[in-house]
Amino acid sequence: MHQPIKYTYDYYTNSILFGNKKGNNSAAMINSLPSHLLVNVLARVASSSFTDLINSKLCCKDFRREAEEECILEQVSIMGFPVNQWLKSEEVSLFLNRCVEGGNPEALYRQGMVEYFSSMRMESGLEKLRRASEKGHAEASYVYGIILVCMGGQSSIEGLKLLNAMKSGSTSQSTRFAIFQECRKRIEAVIRSMWINNHLTGRQSRSCCHENTSRLKETWDGRHEVEDDASCEACKWDREVSLFCDMLH
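Residues numbered from 1 in each chain as written. Predicted model: local features only at pLDDT ≥ 70, side-chain atom pairs only at ≥ 80, totals over all residues. Heavy atoms only, no water.

The name an unreviewed UniProt entry gives the chain is At2g35280-like TPR domain-containing protein, with Rhododendron simsii as the organism.

When its secondary structure is counted, the chain shows 12 helices and 5 strands. The burial tally for the chain puts 44% of its 249 residues in the buried class. Contacts in the chain between residues far apart in sequence, at least 24 positions, make up 55% of those at least 6 positions apart. Per element, the accessible surface of the chain, about 14100 Å² overall, is 52% carbon and sulfur. (Helix = DSSP H or I, 4+ residues; strand = E, 2+ residues; numbered from the N terminus. Buried < 20%, exposed > 50% of the residue type's maximum accessible area, 1.4 Å probe, protein only. Contact = heavy atoms within 4.5 Å. Areas by Shrake-Rupley, 256 points an atom, 1.4 Å probe, with all protein chains shown as cover.)

Time to look at unusual backbone geometry. Backbone phi values are negative for most residues with the exception of glycine, while trans is the configuration of most peptide bonds. Phi is positive for M120, which is not a glycine, with a value near 65°. If you trace the backbone, M120 turns up in the loop between α7 (105-117) and α8 (122-134). Given the relative accessible area of 39%, M120 is considered partly exposed.

This part is about the side chain of E115. Within the fold, E115 resides in helix α7. Here E115 falls in the buried class, since its relative accessible area comes to 4%. A polar side-chain atom of E115 sits 3.4 Å from a polar atom in the side chain of K128. Those residues in contact with E115 that lie beyond four places of it in its chain are M120, R121, M122, S124, G125 and K128. (Polar contact = N/O pair within 3.5 Å; in protein donor to acceptor, adjacent residues only side chain to side chain.)

One way to put it is that α8 packs onto helix α9 (residues 138-151) with a least axis distance of 8 Å and a crossing angle of 130°. Comparing the axis directions of α8 and α9 gives the class oblique. Both α8 and α9 take part in a crossing whose hand is left-handed. Touching L126, L129, R130, A132 and S133 of α8 are A140, S141, V143, Y144, I147 and M151, all from α9. Split by residue class, the contact of α8 with α9 holds 8 nonpolar, 2 polar and 1 charged. (Axes fitted to C-alpha atoms, helices over the stretch in contact; angles between N-to-C directions. Parallel < 35°, antiparallel > 145°, perpendicular 65-115°, else oblique. Left-handed = near helix turned anticlockwise from the far one by under 90°. Nonpolar A, V, L, I, M, F, W, Y, C, P; charged D, E, K, R; others polar.)

Printed below as a string of structure tokens:
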């Protein structure tokens, strides 16, 4: 059976060490390796650190050429780019737009947020959030689901299915609640760096007439978090919509 190639990249010697057995490693210059292997190496580097990808591109022209492949742009980590830098820097904006075109989930999510809530290009923004959600991006799934719920009708049903799917792997109510709470924190960090023009003010009215039984609890560091003890499913989703809309104001 064909054995997969095992390799490690050495930045200091500008070489890749590879071999299938211990003690049988040899060094090979990058330009001696096939293109698909270089792309594979760069994709792994890009997924963990944008800085390391840039450093790799500086190593040699082969890495610089292969780093432009769409599959690498799809996987590159852009967590280090604040949204406001995306909006203000033309150079950063051009790079991140290429990531959007390449289908990068984080880039699709951020651009979708900017378009839907700031630039008022809601149809385009919603489409990008949908694409990011389909790629498994948690924050995009949450925001996209909440927007669909706000639309009402059949869209609301689809939104609830998406939100329920996010917590389907959880075994307890507290775990499910923690998933959304952490998701909201990350979303709020993005929202705070944007100028919000769309506050979802036209959202559907409450889907349940029960009294809201959520309450605030103080954490060890003095912050306040919402504690949910609602038993009605409609009340829980109505609360999620309200919590998200509150972040937009």
